[in-house]
Amino acid sequence: MKFAILSLVALVGLVAPAAAQQGGYIVIVNDANSVSALTTEELSKIFFKKAQRWPNGNDVVPVDLPESAPVREAFSTAVHGKSVGAVRAYWQQQIFSGRAVPPAERPSDEQVVAFVRTTPGAIGYVSTGATLSPGVRRVQVVR
Amino acid sequence: MRNVLSTGLVVVTLALATPAAAQETKLQVHGYLTQAYGAAHGGSFLGIPEAGTADYRTAALQLRYVMTANDQFVWQFSHRRLGQSPITVGEPELKVDWLFYSRQMGNLDLRVGRLPIPAGIYNEVRDVGVLLPLYRAPFDFYLEGAFTSETVDGVSAGYHLFADSPWNVELAVYGGRYDMTNSNIEYDSTGTPSAKVPEVVNVDNALGTQIWLNTPVEGVRAGVGASRLDVQSGNFEGKWTERHASLDARTRWATVQAEYRRFALPGIGYTAGYVYAGVPVAPKVKLHGQVEFSNLVLTTAPGAPRFDYDRTKTFGASYTFRADLVVKGEYHFTNGYWADAPVTDIGFAPAKVSYFLVSFSTSF
């Protein structure tokens, strides 16, 4: 019985949405995307543009909030394990070695939601209090 | 005219150098600038005179046309001033640094055109001040302005092996041609070294590779590389080969980097390396220390004599306002044969020249 309870606690700990634990963001995708859950590792690859295709074949199109947004700091810390400044340094390395450029940015939760709604392969994150319109679906984040 | 162009590029760069939001238009613009003031003691080194100079900077504007998620054109033109260095005499104020087409196919990246050479930790970003711990990449290893090129006119292919594994490998190969500026030493009638004279030579049949092993420890990787090239004219005409090894460890507590390389060219062997350590002492403040060396062997001379070509110690500090705005101060103690003045050569006494640089770097 003790083993069962410990296992249950461990399981809950593993699959609990990171948003709940970080208290700052939720991850959203276009409603046409069948993905329902992503690990933080997968999210990190997506936002570092190391994952390029969804299982349905669509291009992965990540969208960021501005660097000044507190939600972005929470997302960056929880998903990448890096500060926003460290992520910026990563992109500087990519840009100035001629490799890649960072994801597009939208200035607010509303505009991230609108972008994801109108872009089939888009994925973004917004604050937990953001209003999700039809056409956008929340994705569970698994540790 | 030179000042007008320089000032224009600096102004444009600064005007654009805001912490801009990532762009998503098909045409994207990025750039960087590092402006420095330096002064030397005991001679001059890399264009830094005893009287001091602020004519010391690197800058570039990068235009990137993103056709699709996997296809892009990259055009970067750059500007460099090295004070009074003879190496940059005649160098254009603006030059096409890169102009290449890149196609991404899964883990394969193909490039065609004038493209940065993947070599060591810093070759591709050797002028990007916000990415360098000191003003320039370690000189003995990377050199500057002479005996080196950061770009090649040709093709390159990069492949990421075992990309999903904690241990993964990044492999790059390239081939093509480029121009290299050599630095020749002239002697006066008494047989004493009297001047350094630059000479642009054509390099053909350049082939090279760079392999990085990324480890499960984030920020820690090890690399090896090699290249061969045919220098078509000048005092160093002939086939050159080069090998190098790198260790790059960047953690939140410290950065430690070490690289070693060996050149073999007709009649000469050149080995060089460095160890760098950087330690953050406050949230935005980092202290830097670096030891560099290079040796030269006259491989076809009787007894193959070996010379300590350079020994340099460097100390510095940097303050990072933001990832795209950094101020640095550094002091270098050199002892060898790289100094612009006094002009010297192996067989003569080495020059002991020290110099400092204060610089700020920005990018967008």
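Residues numbered from 1 in each chain as written. Chains lettered and ligands numbered in written order. Predicted model: local features only at pLDDT ≥ 70, side-chain atom pairs only at ≥ 80, totals over all residues.

Caption draft 1: The arrangement of the overall build of chain A in detail. Across its full length, chain A holds six helices and six strands. Across the 143 residues that make up chain A, the buried fraction comes to 38%. Across chain A, the fraction of contacts at a sequence separation of at least 24, relative to all contacts at a separation of at least 6, is 64%. (Helix = DSSP H or I, 4+ residues; strand = E, 2+ residues; numbered from the N terminus. Buried ≥ 20, exposed ≤ 12 C-beta atoms within 10 Å, placed from the backbone. Contact = placed C-beta atoms within 7 Å.)

Caption draft 2: How the structure looks around the interface of chain A and chain B. If you look at the interface, chain A gives 19 residues, while chain B gives 22 residues. The leading source of residues in the side of chain A that touches chain B is helix H5 (residues 84–96) of chain A, at seven residues.

Caption draft 3: Structural view of the sheet that holds strand E4 (residues 104–105) of chain A. Residues and elements named next belong to chain A. If you trace the six strands from one edge of the open sheet to the other, you get E2-E6-E1-E5-E3-E4, paired in mixed fashion. In the strand order of this sheet, the two ends are held by strand E2 (37–39) and E4, each with one partner. Lying over the sheet, helix H3 (residues 40–47) contacts strand E1 (25–30), E2, strand E3 (61–64), strand E5 (122–127) and strand E6 (136–142), oriented at roughly 85° with respect to E2. Of the strands in this sheet, E1, E3, E5 and E6 are in contact with helix H6 (residues 109–118), which crosses E5 at around 155°. (Pairing = 2+ DSSP bridges. Axes fitted to C-alpha atoms, helices over the stretch in contact; angles between N-to-C directions.)

Caption draft 4: How the structure looks around the packing of H3(A) against helix H4 (residues 70–80) of chain A. Residues and elements named next belong to chain A. Where H3 contacts H4, the axes come no closer than 8 Å and their chain directions differ by 115°. Taken together, the residues of H4 that come into contact with H3 (itself represented by Thr-40, Leu-43, Ser-44 and Phe-47) are Ala-78, Val-79 and His-80. Class assignment of the residues belonging to the contact of H3 with H4 gives a composition of four nonpolar, three polar and no charged. (Nonpolar A, V, L, I, M, F, W, Y, C, P; charged D, E, K, R; others polar.)

Caption draft 5: Inspection of the pairing of strand E6 (residues 151–161) of chain B at higher detail. All names here are of chain B. As defined by bridge partners, strand E5 (residues 108–116) adjoins E6 across nine bridges and the pair is classed as antiparallel. When the sheet's bridge partners are listed, Leu-108 is paired in E6 with Tyr-159. The sheet contact formed by E6 and strand E7 (residues 168–187) spans nine bridges and is antiparallel. By the bridge assignment for E7, Val-155 is matched with Gly-175. What sits between E6 and E7 in their antiparallel hairpin is a turn of six residues, with Phe-162 showing a positive phi close to 50°.

Caption draft 6: Region of interest: the confidence of the model for chain B. Residue and element names in this part refer to chain B. The pLDDT averaged across chain B works out to 90; a share of 92% of its residues lies at or above 70. Confidence drops under a pLDDT of 50 for residues 1–5, and excluding neighbours within four residues, the segment shows three contacts in the predicted structure. In the predicted assembly, ipTM is 0.83 and pTM is 0.85. (pLDDT = per-residue confidence, 0-100.)

Caption draft 7: Structural detail: the pairing of E7(B). All names here are of chain B. Judged from the 19 bridges that link them, E7 and strand E8 (residues 193–214) form a sheet pairing that is antiparallel. Looking across to E8, one finds that Tyr-187 is bridged to Pro-193. Where E7 hands over to E8, the hairpin turn is made up of five residues, of which Gly-191 adopts a positive phi near 80°.

Caption draft 8: The environment of Pro55(A), seen in detail. All names here are of chain A. The topology assignment puts Pro-55 in the loop between H3 and E3. Under the C-beta neighbour-count criterion, Pro-55 is labelled exposed, with 8 such atoms within 10 Å. On a C-alpha basis, the gap between Pro-55 and Asn-33 in space is 8.9 Å, while along the polypeptide they are 22 residues apart.

Caption draft 9: View of the nonpolar core. Of all hydrophobic cores here, the largest spans 41 residues; its most connected members are Tyr32(B), Phe45(B) and Val128(B). Looking at this core, the elements with two or more residues in it are H5 of chain A together with strand E1 (27–41), strand E2 (53–68), helix H2 (139–142), strand E12 (268–282) and strand E16 (351–363) of chain B. Here Tyr32(B) is in contact with Phe96(A), Ala59(B), Ala60(B), Val128(B), Gly129(B), Val130(B), Thr362(B) and Ser363(B), once residues within four sequence places are set aside. Listed in part, the 30 residues of the second largest apolar core include Val27(A), Val63(A), Ala74(A) and Val136(A). (Core = buried A, V, L, I, M, F, W, Y, C linked by C-beta atoms within 7 Å.)

Caption draft 10: Geometry of the confidence of the model for chain A. Taken as a whole, chain A shows an average pLDDT of 83; of its residues, 84% reach a score of 70 or greater. Confidence over residues 1–22 of chain A falls short of pLDDT 50; this stretch has 16 contacts with residues more than four positions distant or in other chains.

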